[in-house]
Amino acid sequence: MEFIDLGAQQRRIRDRLDARLAAVLDAGKYIMGPEVAEFERELASFCGARHALGCANGTDALQLALMALGAKAGDAVFCPSFTFASTAEIVPMTGATPVFVDVTPASFNMDAESLKRAIVYARSLGLRPAGVIPVDLFGLPADYDAISDIARESGMWIVADSAQGFGATYRGRITGSIGDIATTSFFPAKPLGCYGDGGAVFTGNDELRALMESYRVHGKGSHKYDNERIGINSRLDTLQAAILLEKLAIYADEIDARQRVAARYTTALHNVIQTPEVPDDCRSVWAQYTLTCSAGQDRAAVLASLSAASVPTAVYYPRPLHQQTAYRDFPCDPQGLAHSETLALNVFSLPMHPYLSESDQDRVIDAVRAAVTV
Ligand SMILES: *Cc1c(COP(=O)(O)O)cnc(C)c1O
């Protein structure tokens with residue numbers, strides 16, 4: 001059994017992938033070939049965003065977003081601490097200061113109350129609250145309504161980091177279409193992944209779209225040797241766009257399959273361990289199915305038991321960002337980030353992908369039940 005099985009998906013669409021790749025090789029337009037624009041149109045329409053632009057990876061997507069929004073020295077940009085490093089990494093690149101916010105243990109996502117405290121604290125340090133980067137951790141949308149209310153009051157923008165959550169549902173909206181800018185990653189293990197690095201930015205704002213389109217090609221103006229601003233080089237390869245077109249065509253079906261796996265896990269496990277909670281008006285894309293050990297459940301022992309039963313697991317994330325060497329000097333919610341710290345010590349994720357067979361699911365379930373009830 002694999003933690004994420006990309007082979008099963010490839011077998012399903014291999015003929016169509018081969019045809020797509022052959023078409024790119026025949027045409028020879030490896031950079032910004034027609035598949036890139038075709039994929040951008042399909043991607044925008046999938047989530048209901050006005051604009052989607054491909055870029056080189058999900059980290060660059062966040063960087064392009066912050067460049068377009070004009071993040072700069074003296075700005076505070078609020079990020080959850082319990083996330084992958086990219087979320088905060090691009091903030092100091094712009095000269096702005098990341099300020100870490102706690103998450104709620106039920107959602108693993110940004111806690112609006114902690115955000116309020118962090119804003120007050122950032123102001124007391126002389127920083128100007130400029131923006132928030134909520135993360136759709138493990139595939140579940142952040143609480144965008146609560147965060148938007150707070151952001152609007154302080155005049156802040158929102159960049160939604162949907163690297164793990166693209167295509168999830170939040171109160172009738174699809175992630176990608178939420179936030180001033182949304183970003184995603186096509187790293188192979190993400191719910192919608194390519195066969196290398198890739199990413200995208202989304203916006204409903206024509207001006208922000210134009211800026212990001214310029215920044216991703218060296219700050220180009222009317223043509224590529226007209227440099228209007230300092231940019232970066234961050235394009236989605238034509239080959240990756242061709243692969244993604246075929247993967248996007250089955251993505252809705254795969255999201256449904258992920259619901260079935262998650263529902264079976266939850267039904268079988270919720271009475272023995274803390275299972276992930278999804279609010280009624282949301283749908284996760286289950287980038288990860290993450291359990292939380294309670295007091296008395298020793299994660300190391302549980303993981304050892306699962307490993308002995310040949311069930312692969314992973315820990316996302318073993319240390320929150322505010323405790324990492326590179327980030328520990330940045331400001332945090334002054335009440336501390338207790339939930340981020342506790343989750344880092346107690347979470348672990350189970351095998352999750354749309355092609356996980358019921359017999360493999362049962363093996364996982366039996367192994368978890370045995371591991372936590374010893
Ligand atoms: C994967 C990920 C990213 C970055 O994506 P890359 O394509 O690997 O650069 C950003 N944020 C989160 C939450 C992620 O999980």
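Each chain has its residues counted from 1, running along the sequence as written. Only residues with pLDDT of at least 70 get local features here, since the model is predicted, and only at 80 or more are side-chain atom pairs given and counted; chain-wide, interface and lining totals rely on the full set of residues. With hydrogens and water set aside, each side-chain value is computed from the structure's full complement of heavy atoms.

A few words now on the site of the ligand. Taken together, 14 residues lie around the ligand, and Gly58, Thr59, Gln164, Ser185 and Lys190 are the ones closest in. Within the side chain of glutamine 164, one N or O atom sits 2.8 Å away from an oxygen atom of the ligand. Within 3.5 Å is the distance limit for a polar contact, defined as a pair of N or O atoms, with the added protein rule that one can donate a hydrogen and the other accept it, and that residues adjacent in sequence qualify only through two side-chain atoms. Separating an oxygen atom of the ligand from a side-chain N or O atom of serine 185 is a distance of 2.7 Å. With respect to the detected pockets, the ligand is housed in the largest pocket. Elements that contribute at least two residues to the shell around the ligand include exactly helix H3 (58–69) and helix H4 (86–93). Note on terminology: near, applied to a residue and a molecule or strand, indicates that one of the residue's heavy atoms is within 4 Å of it. Of the two site types, the cavity is a set of points on a 1 Å grid over the protein atoms alone where a 1.4 Å probe fits but cannot get out, and the pocket is an open set with protein on both sides within 12 Å along at least five of seven lines, each lined by residues with an atom within 4 Å of a point. Each molecule is checked against the cavity or pocket grid, and it sits inside if more than half of its atoms lie within 2 Å of the grid points. Numbering of helices and strands starts at the N terminus; helices are DSSP runs of H or I of at least 4 residues and strands are runs of E of at least 2.

Grid points are joined across faces, edges and corners, and a volume is the space filled by probe spheres set on the points. Summed over the entire model, instances satisfying the criterion amount to 3 cavities of 30 Å³ or more. Lining of the largest cavity is provided by 15 residues; of these, Leu6, Gln9, Pro191, Arg258 and Pro354 occupy positions nearest its centre. Elements represented by at least two residues in the lining of the largest cavity include exactly helix H1 (6–27) and helix H9 (251–269). Nonpolar residues are Ala, Val, Leu, Ile, Met, Phe, Trp, Tyr, Cys and Pro. Charged residues are Asp, Glu, Lys and Arg, and all others, Gly as well, are polar. A breakdown of the residues in the lining of the largest cavity according to their chemical character gives 7 nonpolar, 3 polar and 5 charged. In terms of domain composition, the lining of the largest cavity takes at least three residues from each of domain 1 (6–101 + 109–249) and domain 2 (252–372). The computed volume of the second largest cavity comes to approximately 80 Å³. Taken together, Ala106, Ser107, Phe108, Leu137, Phe138, Leu140, Pro276, Glu277, Val278, Ser284, Trp286 and Gln288 make up the full set of residues lining the second largest cavity. By residue class, the composition of the lining of the second largest cavity is 8 nonpolar, 3 polar and 1 charged. Where a domain begins and ends is set by an automatic assignment or by a domain database. Residues from two domains meet in the lining of the second largest cavity; each of domain 1 (6–101 + 109–249) and domain 2 (252–372) gives at least three.

Here we come to the pattern of salt bridges. We define a salt bridge as a side-chain nitrogen of Lys or Arg found within 4 Å of a carboxyl oxygen belonging to Asp or Glu. A complete count under the given rule lists 19 salt bridges for this structure. Glutamate 246 is the salt-bridge partner of arginine 20, the closest N and O atoms lying 3.0 Å from each other. You can see arginine 20 sitting in helix H1 and its partner glutamate 246 sitting in helix H8 (residues 238–249), a full 226 residues away along the chain. Arginine 128 serves as the salt-bridge partner of aspartate 75, at 3.2 Å between the closest nitrogen and oxygen. Of the two residues, aspartate 75 sits in strand E2 (residues 75–80) while arginine 128 sits in strand E4 (residues 128–132), which places them 53 residues apart along the sequence.

On to the nonpolar core, then. Only buried Ala, Val, Leu, Ile, Met, Phe, Trp, Tyr and Cys residues count toward a nonpolar core, and they belong to the same one when joined by side-chain atoms within 4.5 Å. Any residue under 20% of the maximum accessible area for its type is buried, any over 50% is exposed, and the rest in between are partly exposed; the area is computed with a 1.4 Å probe on protein chains only. The biggest cluster of nonpolar side chains holds 47 residues, and the ones touching the most others in it are Phe39, Leu43, Phe78, Leu115, Phe186 and Phe202. Each of domain 1 (6–101 + 109–249) and domain 2 (252–372) contributes no fewer than three residues to this core. Any pair of residues with heavy atoms lying within 4.5 Å of one another is described as a contacting pair. When neighbours within four sequence positions are excluded, phenylalanine 186 is seen to be in contact with Phe39, Leu43, Leu192, Gly193, Cys194, Gly196, Gly198, Gly199, Ala200, Leu236 and Leu244. Among the nonpolar cores identified, the runner-up in size contains 32 residues, and Cys79, Ala96, Trp157 and Leu337 belong to it.

This part covers the domain arrangement of the chain. Taken domain by domain, the chain consists of domain 1 (6–101 + 109–249) and domain 2 (252–372). Centre-to-centre separation of domain 1 and domain 2, based on C-alpha positions: 24 Å. Taken together, the contact between domain 1 and domain 2 spans 40 residues of the former and 35 residues of the latter. Here the quantity called buried area is the accessible surface, traced with a 1.4 Å probe, that two parts lose on coming together, added over both. Both sides of the domain 1 and domain 2 interface together cover about 3100 Å² of buried area, and 63% of this is carbon and sulfur. When the buried area of domain 1 at its contact with domain 2 is split by residue, Phe82, Phe100 and Phe138 rank highest and sum to 25% of it. Counting across the domain 1 and domain 2 interface gives 3 salt bridges.

The next thing to look at is the pairing of strand E8 (residues 181–185). E8 sits mainly inside the fold: 5 of its 5 residues count as buried. Every second residue of E8 is oriented toward a common face, with Ile181, Thr183 and Ser185 on one face and Ala182 and Thr184 on the other, all of them buried. A pair of strands counts as paired when DSSP detects no fewer than two bridges linking them. As judged from the 5 bridges shared by E8 and strand E9 (residues 199–203), these two strands associate in the antiparallel manner. Across the sheet, the residue bridging to threonine 184 is alanine 200, located in E9.

As for its position among the elements, aspartate 143 is in the loop between E4 and helix H6 (144–153). When its relative accessible area of 33% is taken as the criterion, aspartate 143 is described as partly exposed. Residues aspartate 143 and methionine 110, 33 residues apart in the sequence, show an inter-C-alpha distance of 7.5 Å.

A word on the side chain of threonine 290. By the element assignment, threonine 290 lies in strand E11 (residues 289–292). Residue threonine 290 is classed as buried on the basis of its relative accessible area of 1%. Looking at threonine 290, its side chain comes within polar contact range of the side chain of serine 349, at 2.9 Å. Once residues lying within four places of it in the same chain are set aside, the contact partners of threonine 290 are Phe108, Phe138, Pro276, Val347, Phe348 and Ser349.

This part is about the packing of H1 against H8. Geometrically, a packed helix pair is captured by the angle between its two axes and the distance between the axes. Axis separation between H1 and H8 bottoms out at 9 Å; the angle between their running directions is 140°. One element, H1, and the other, H8, form an angle in the oblique class. Where H1 crosses over H8, the two elements pack in a sense that is right-handed. Listed contacts from H8 to Gln9, Ile13, Arg16, Leu17, Arg20, Leu21, Val24 and Leu25 of H1 are Thr238, Leu239, Ala242, Ile243, Leu245, Glu246 and Lys247. Comment: axis = line fitted to C-alpha atoms, over the contacting stretch for helices; angle = value between 0 and 180 degrees taken between N-to-C directions. Under this scheme an angle from 65 to 115 degrees is roughly perpendicular, one under 35 degrees roughly parallel, and one over 145 degrees roughly antiparallel; angles in between are oblique. Crossings are sorted by hand: turned counterclockwise from the far helix by less than a right angle, the near helix makes the crossing left-handed, and turned clockwise it makes it right-handed.

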